[in-house]
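For reference, the chains in residue letters:
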Amino acid sequence: MSKKKKHCRESFVTMTEMVLPNDTNTLNNLMGGRLMHWMDIVSAIAAQRHSNRIVVTASVDNISFSKAIQLGNVVTLNAFVTRAFSSSMEVYIEVTAEDVPSGKKTETNKAFFTFVAVDQMGKPIDVPEVEPETADEQELYEGALRRRQLRLVLGKRMKPEDATELKSIFKI
């Protein structure tokens, strides 16, 4: 019996927040921890939509803070599941900051979070596969296995020599 498949769009989530004084550092920019909190929430909802299960955060890839998000900006976070493995799901998040009075929108952050679906006892449980539809979704789907292997190697849960997909990009 084959696993059920779901499209990326079925897990798509948009979350919008306004940066208030309590969210900022002494430079009136959004605190990184607050942004990571919002990213965790939006990506958890996407993973729950895909799996129809309780999910737990398993890993967070690199988050760079190259562009400040300022007090009063409206922050939009979009997330969707890019690929599912047995019980884990990779979620892609894009963050945009908008200065509403000027109409200026800036893409500020991108990241991949990994979630594991669990049953009522907290044990991992199988999730549906992902079936990408667009070229962008296909590209994210294809890269997900390499990103997963990198996470596993860095977490010492996979030996580097066993990361065949990852090694293939280095042509060693």
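Our subject in this report is the structure included herewith. Because the structure is predicted, anything quoted here is derived from the model rather than measured.

## Here's the deal with the pattern of salt bridges
Taken as a whole and assessed by the stated rule, the structure comprises six salt bridges. A salt bridge links R151 to D61; the nearest nitrogen and oxygen atoms lie 2.8 Å apart. Highlighted residues: R151 in helix α2 (residues 135-154) and D61 in the loop between β3 (54-60) and β4 (74-84), separated in sequence by 90 residues. Residue classification places R151 among the buried positions, given a relative accessible area of 16%. The network of salt bridges with shared partners includes D61, E90, R147 and R151.

## Observations regarding unusual backbone geometry
Most peptide bonds take the trans configuration, and most residues that are not glycine carry a negative phi. Phi at N28 is positive, roughly 65°, even though this residue is not glycine. Along the polypeptide, N28 turns up in the loop between β2 (13-18) and α1 (32-51). Overall, the relative accessible area of 41% leaves N28 in the partly exposed class. A positive phi is found at N52, a non-glycine position, where the angle reads about 55°. Here N52 lies in the loop between α1 and β3.

## Points about the side chain of E90
Locating E90 in the fold gives a position in strand β5 (residues 88-99). For E90, a relative accessible area of 1% translates into the label buried. Among the polar contacts listed, one links the side chain of E90 to the side chain of R147, at a separation of 2.8 Å. Of the polar contacts made by the side chain of E90, one reaches the side chain of R151; its length is 2.6 Å.

## Considerations on α1
Its 20 residues place the ends of α1 28 Å apart at the C-alpha level, agreeing with the 28 Å of an ideal helix rising 1.5 Å per residue. Backbone geometry just downstream of α1 places N52 in the positive-phi region, at approximately 55°.

Reading guide: rules and limits
- Residues numbered from 1 in each chain as written.
- Predicted model: local features only at pLDDT ≥ 70, side-chain atom pairs only at ≥ 80, totals over all residues.
- Heavy atoms only, no water.
- Salt bridge = Lys/Arg side-chain N within 4 Å of Asp/Glu carboxyl O.
- Helix = DSSP H or I, 4+ residues; strand = E, 2+ residues; numbered from the N terminus.
- Buried < 20%, exposed > 50% of the residue type's maximum accessible area, 1.4 Å probe, protein only.
- Polar contact = N/O pair within 3.5 Å; in protein donor to acceptor, adjacent residues only side chain to side chain.
- Expected span 1.5 Å × (residues − 1).

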